[in-house]
Every structure is written in C-alpha cells, then in structure tokens.
Amino acid sequence: MTPLTSYLLLSAFLFSIGLAGALSRRSSIMVLIGIEIMLNAANLNFIAFWRFGPAPTALTGVMFTIFSIAVAAAEAAVGLSIILAVYRRTRSTDLEPTEAPHR
Amino acid sequence: MTLVFLILAAITILGLGAAMSLRNPVHCVVGLTIGFLGLAALYLQLGAQFVGLTQVLVYVGAVAILIIFAIMMMRSSESPEQQPYSRSWRVGVAIAFAVYCVLGWAVHFGAHTLPTQAATPELSVQQIGDALLHRFVLPLEIIAVLLTAALIGAGVLALQDPAGEVRGPR
Amino acid sequence: MIVFSASGAERADQIFVLTKYWLMGYVPTAVQPLASAVLSVVPILLVFPLIFAITTLLERKGLGRIQNRYGPNRVGPWGLLQPMADGLKSLTKEDIVPDSADKWVHLCAPLLLVVASFLAYAVLPIGRNMVVANLSAGVLFFFAIGALVEVAIFMAGWSSRSKYSLLGAMRAIAQMVSYETPLVLAGLVAVMATGSLSTVAIVEAQAQYTGIFPHWFVFTPWGFAGFVLFMIAATAESNRSPFDLPEGESEIIAGYYIEYSGFKFALFFLGEYLGMFATSGMAITLFLGGWSAPFSFLTWVPSYLWFFIKLLAITCGFIWVRGTLPRLRMDQLMHFAWKFMLPMTLLNIFVAAAWKFLPAGIVRWFGCAIFLAIAFVLLTRGLKRRGEFRARQYRFAE
C-alpha cells in the first residue's frame, strides 16, 4: 500500500467515526464533536494529497486546510452558542426528548 | 506504512474513537484532544509544519476549550448521561460503516491512478504568507469577515437573557 | 571535524556544543540521531529544574524582604538548603486522591502540564548554536504548546470533583484564553521586524551592533511597548500575582490544584514555574536579544551566560511585581485583557508596520513613540469606569 492510500484510508476511517458519532449520540454537543472530527478527517485528506500530489509548490492543499481550520473554529463557536440558547429554553441538550416539549 | 505512521494513526483512532463512544462528555473532550494532537503529529510527519502547529493552536487551544466551557455551562458533566446513545444508534453506525466501505472501495480501486511523489516538498512560512496575500487574498478577506461575523453572532446569541430578565442568585 | 584552533572566548562560548560533538564521536553511527536528541534534551531537563529550585528560594527571600521580614533562614546558611527541604517534603508526603475523583484524569493532569512546559524549551536559543530544535515556525510552536497547558489545568480542576477546584479551573482557563491573544499579538511585532518565525533568526537579527549599542527590539518604541505588553500577558498566562486569582491562597485556597498533595502538587508547582521561565525565555528571545551581549565590548562573555543573566533579571522583576501589586479581581482582569491589552497590541502591530516603511532616522522614532503614547493615554483614560455602584449582575446558562 503506497503511503498515500494509507493516509486516505485513515482519513476515511476517521470520517466514518465522526459520522457514526454524529448520527448516534444523543447530546447536541457530542454531535458537534462528531462534526469537528469529520472536518479534521477532510483536512488530513487535503494535506495527504498536497504532500503526494503533482504540484506541491502550488500550496493548494495547505491553503485549503488553513481556511478549513478557521471556518471550523468559527462554526464551533456559533454552533455552541446556538446550543446554549436552545439549552436556556428547554433546559436540556437532548436531541431525543422522551416527552413532547411543553413550551 | 512506516512505524511512526502506524503509531500516530493508532493514537488518533483511539482518541477520536473514545471521543465518540465514552459516556462522560468531559472524557470525550479529553479523547478529542488526544485525537487532535495525533492529527497534528501526522501533519508534521507529512511536512506541513505550519498547518500542524496551527492545528494545535486552534483546535486544541480554542475549539476543545470552547467545547469544555459549553459542557461546563450546561452542567452536563455533573451527572453522566443515562442513555448517551440515541434509540436508532445502530442505523447510525451502519450508515457510517457503509460510507467507510464506499470511500475505501474508491481509494482501493483508484489506487493505481494516484500520484506517488516521493520527496518532501520544502514549505516555508514565507511561501504561505506570499500565497495568502497574492493568490488567496480574496479567501483571506472573506475568512476575516466570516470570523468577525461568527464572533459577533456567538456573542449576541450567548448574551441574550430570555424574556429580558436577569437570572441567577441575588 | 571541529578545528580546535578557535580563540579562548569562542571556545568558552561553544563549550557545550563542542562537548556534545566530542561525545557523539564515541557513539556508533546507527544510534547517532537518538544520541544527538538525548544529548540536546538532557541539559534542559537538568538545568531548568535547578533554576526552579533556586527561584523558589529567591522568591521567598525576596518577598520576605519586600514585606520587611526575613525569608526562610533556618535550613542551611541563609536558608540556602530550603529547596532541598521542600523537595524532600513533597516527595515524602502522602498522596491523597479524593474518593469521587476521576483517577486517570487526576493523574494525567500534572503530567501533561509538566510535559507541555518542558516542550516549550525546545525552540529557545540558549546560546549561540545552542537550540534543541531549530524549527522554521519556532514561535508558533511555542504558542501552540501554551495552549496545551490550558487543557491540563482544566483536567486538574475538573477531575478533583470539588467546587473550589472547578471554579478555580474555570477562572484559570478564562484568564489564560483571554490573555493568550495579547501574548501572541505582542510577540508578533518581533516576527514582523525579522521576517521569520524561527527563534534563531530573530535572535541573530538582534545580535548586530551599531557602534557599541545592540539592535535589540526592546530599544525601539514598538519593541518596548511589545515587551511590556508581552510581560504583562506572560504574568497572566503563568497565573502569577497580580493575576493569581485562580490560585490565590486567600481567595480560593489553591484553586485548581486544591485536591493535590505530595509529589503531584510539586509537579504543578514545577510546571507553573517552568512555564514562567519559558515565557520569560521567549520574551528574551523576541525582545531582549536572546544570547547577545548588551554592549559590543562585552561579547567575550559566553552567550549562554547572557541568556541566564537576562532570565534572572526578568525573574527578579516577576518577584518584585508579586510583592508590590495587589491582586486583580476577575472582572478587572477580563476588562484589562479585552479592553486595554488587545487594542494596544493591535495598535502596536500597526506602529511596527509603519516603522518598517518609514525611512530610518529621528522622525520615525518620535512618530512611533508619540503615537503609542497617545494611544496609551486615550485607552486608559477612556476606559476608566465612572464610580457607580450597582448590584452585580450574574449570567448563567439557565
């Protein structure tokens, strides 16, 4: 297995871990963590392709990763403040309430 | 598939796997931090020094701390969740497994078309700075606006007291 | 082969580098990279804990003298063996872990803190050609490692499952996160002036002399402002007085390490002081010229001696500030970080950029200095709160 395929398989595995968590966890914060894991897996993909790709001096992979990190940080901040606002309303972070919301 | 890659991949998989499967949210964040550090080490191994260090600075130093604060503020760490997984968690895991199979199949069957450049490209921070201000200046400015909007938006969302009253102990 | 025909001063300067190469000659080729790494790292592991021990004594005696009393003077002449007594005490005390504490996180927190604090020394140039790892993004590495310390503090505070420790940890993290931005921005002006993120390049840019005066960045208006802002942010990052609310002994007993005893407490203490030395070392590298001598006729003194003399001076400054200034309250602390330090560092970056583009001469000196002075005065006057007293409002998540 060439190094590039091993990195790609690793990033696919990390992506599926994040996806599994985002789809099966109950708390909205854990779903956000899953989303962050998925973004990180994509970043790893970019860097692996930059390293082994045909034109590393164009720096496309590195630039994309830097912007992706910035966007992920912004999205985590806004996402968490949304979760906080919803928590203030419903007093829980549960995505599957067992009874109907009574507000 | 060198030994270093295997060790780092194992650390990353263990950390991120723990992040998604543990019961206590704070344990999950610790696992997440370990996963981020493993990924940063992988970036350093691939020769992208600046990206690896930025990953530690932003993800470990900001995003993980942010998630910790959110968990603390929402008091979800005090009592570990009775049921951390949703009722349809098997479907979720199955979908994720299916996605992994598709991606793995794509990588495996396209492996012969992939490039195999051997030498580590020289990447100085100067080149990144040049690229940011010449070729990628528009994304840079848009990111700046986006971060400002996120800062203001997150602040506004988190500061609002519902129905305008002040809660808390007197 | 190293030619041993260098002059006496050069040989004294490079004695550690030459010793390392001499020792490497005896190591078989296969093991050489590992041996090189070990030989570079072991002096750091030996020297800085020794400086930590000396500093604990220096601090206690210095604080004592400031407070008009003697410091410890029982153990050994003038109390010189006090660090040994402290070390023995912390090693032999019982290690108490609370019953409801999270055992693994409780154990890993001081370890992570000490590891992160030691890692930061990898990019500090202690002397000429004496840096453990010459990374091309050394300054960025240093600030990234600082972020690891915050996670360790949170782990310590949360795992103890005690209200005081959790409160202390939240305060500590809020403080460290708030002061991290001014720290990075204040250090950024030195990077701008040099054009490189490598610590070795920054020191070498400052090791030039015009006449007898060195080109240290602290002697420029933006460098002086940057140095002062960096030191204030460094004091806050190390949770030292006057920013030691998270661990103030009269406030919250010991904050996030309240449930630690014995050796783990000593590790926390060690980690905190190591962080202080590392940030001082970075300030020396960025602003005070690293290992370069203050006057060109003093370059015969070995470079590593200059580094440690400057480190000693900054440590004495820390101790002096601790003994003199009262503690800042949490809201005063946050107010200071976000409303004073952040605008000031941003304006400092602007001034440093203007410095680079103005022609050299007396005009740019005065222009930059006056701009910074006006900015300082306006920020401090404009932010002075009017003396109203209101009922304090609390904001929680519910």
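All residue numbers refer to positions counted from 1 along the written sequence of the respective chain. For this description, chains carry letters from A and ligands carry numbers from 1, given in the order in which they are written. Reporting in this predicted model follows two pLDDT cut-offs: at least 70 for local features of residues, and 80 or more for side-chain atom pairs to be given and counted; totals over whole chains, interfaces and linings ignore these cut-offs and use all residues.

**Notes on the overall build of chain C**
Comment: elements are numbered from the N terminus, with helices defined as DSSP H or I runs of at least four residues and strands as E runs of at least two. Assigned secondary structure in chain C consists of 13 helices and 2 strands. Atoms considered for the radius of gyration are the C-alpha atoms alone. The globule rule reads 2.2 Å times the number of residues to the power 0.38. Its C-alpha radius of gyration of 23 Å places chain C within 12% of the 21 Å reference for a compact globule of 398 residues. Each principal axis of the C-alpha atoms in chain C carries an extent, and together these give about 70 × 55 × 45 Å. Split into buried and exposed, the 398 residues of chain C put 41% on the buried side. By definition, residues are in contact whenever their C-beta atoms, placed on the basis of the backbone, come within 7 Å of each other. For chain C, the share of sequence-separated contacts (at least 6 apart) that also reach a separation of at least 24 residues comes to 76%. Here the C-beta atoms are placed from the backbone, and a residue counts as buried if at least 20 other C-beta atoms lie within 10 Å of its own, exposed if 12 or fewer do, and partly exposed otherwise.

**Regarding helix 12 (residues 330-357) of chain C**
Structural remark: α-helix, 3.6 residues per turn; residues separated by three or four positions point the same way. Residue and element names in this part refer to chain C. Expected helix span is given by 1.5 Å per residue-to-residue step, counting one fewer step than there are residues. Here helix 12 is 28 residues long and its end C-alpha atoms lie 40 Å apart, about the 40 Å a rise of 1.5 Å per residue gives. What the bend at a residue measures is the angle between two axes, fitted to the seven residues ending there and to the seven starting there. Approximately 30° is the largest bend angle found in helix 12, and it occurs at Met341, with the proline Pro343 only one to four residues beyond. Taken together, the buried positions of helix 12 are Leu333, Phe336, Ala337, Met341, Met344, Thr345, Asn348, Val351, Ala352 and Trp355. Where helix 12 is buried, its residues touch helix 7 (163-194), helix 9 (221-237) and helix 13 (362-382).

**Structural notes on the interface of chain A and chain B**
It is common to give the size of an interface as the accessible area that goes away when the parts come together. Of the residues lining the interface, 63 residues belong to chain A; the matching set on chain B comes to 71 residues. At the level of secondary structure, the elements contributing two or more residues to the side of chain A that touches chain B comprise helix 1 (3-24), helix 2 (28-52) and helix 3 (60-90) of chain A. Looking at the side of chain A that touches chain B, the element that brings in the most residues is helix 3 of chain A, giving 22 residues. Residues are grouped as follows: nonpolar covers Ala, Val, Leu, Ile, Met, Phe, Trp, Tyr, Cys and Pro; charged covers Asp, Glu, Lys and Arg; every other residue, Gly included, is treated as polar. Taken together, the residues of the side of chain A that touches chain B break down into 42 nonpolar, 14 polar and 7 charged.

**Quick notes on the confidence of the model for chain B**
Residues and elements named next belong to chain B. Every residue gets a pLDDT, meaning the predictor's confidence in that residue, from 0 to 100. With 88% of its residues at a pLDDT of 70 or more, chain B has an overall mean of 86. Per-element confidence in chain B ranges from a low mean pLDDT of 89 for helix 5 (residues 125-133) to a high of 94 for helix 1 (residues 3-21). Across residues 164-170, confidence stays below pLDDT 50; counting only partners more than four residues off in sequence or on other chains, it has 9 contacts.

**Thoughts on the environment of Leu88 of chain C**
Examined against the element boundaries, Leu88 of chain C turns out to sit in helix 4 (residues 82-92). Separated by 175 residues in the primary sequence, Leu88 of chain C and Phe263 of chain C have C-alpha atoms spaced 9.7 Å apart.

**Here we look at the domain arrangement of chain B**
Note that domain bounds follow an automatic or database assignment of domains. Here chain B is partitioned into domain 1 (1-78) and domain 2 (124-157). Its C-alpha centre places domain 1 of chain B at a distance of 23 Å from the equivalent point of domain 2 of chain B.

**What to know about helix 11 (residues 303-324) of chain C**
All names here are of chain C. Taking 1.5 Å per residue, 22 residues should reach 32 Å; helix 11 reaches 32 Å between its end C-alpha atoms and fits that length. For helix 11, the set of buried residues is Ser303, Tyr304, Trp306, Phe307, Lys310, Leu311, Ile314, Thr315, Phe318 and Ile319. On its buried face, helix 11 is in contact with helix 1 (8-13), helix 3 (32-66), helix 9 and helix 10 (263-286).

**Quick word on the confidence of the model for chain C**
In this model, chain C carries a mean pLDDT of 87, and residues with pLDDT of at least 70 account for 93%. The ipTM for the predicted assembly is 0.90, set against a pTM of 0.90.

**Here we look at the nonpolar core**
In this description, a nonpolar core means buried residues of the types Ala, Val, Leu, Ile, Met, Phe, Trp, Tyr and Cys, linked to one another by C-beta atoms lying within 7 Å. In this structure, Ala64 and Ile67 of chain B together with Ala152 and Ala283 of chain C are the most contacted members of the largest nonpolar core, which totals 182 residues. At 17 residues, helix 3 (residues 49-73) of chain B tops the list of elements feeding residues into this core. In contact with Ala64 of chain B, other than residues within four places in its own chain, are Val29, Leu32, Thr33, Phe36 and Tyr59 of chain B together with Val151 of chain C.

**Overview of the packing of helix 1 of chain A against helix 2 of chain A**
Residues and elements named next belong to chain A. Viewed as axis vectors pointing N to C, helix 1 and helix 2 meet at an angle of 170°, and their least axial separation amounts to 7 Å. Considered as vectors, helix 1 and helix 2 are oriented roughly antiparallel to each other. Across the contact of helix 1 with helix 2, the residue classes break down as 20 nonpolar, 6 polar and no charged. Inter-axis angles, ranging from 0 to 180 degrees, are taken between N-to-C directions of lines fitted to C-alpha atoms, where helices are fitted over the stretch in contact. Oblique is the label for any angle not under 35 degrees, not over 145, and not in the 65 to 115 range, which are roughly parallel, roughly antiparallel and roughly perpendicular in turn.

**Some thoughts on the environment of Phe336 of chain C**
All names here are of chain C. Summarising the element assignment, Phe336 is placed in helix 12. Here Phe336 falls in the buried class, since 20 other C-beta atoms lie within 10 Å of it. Expressed as a C-alpha distance, the spacing of Phe336 and Leu347, which sit 11 residues apart in the sequence, is 16 Å.

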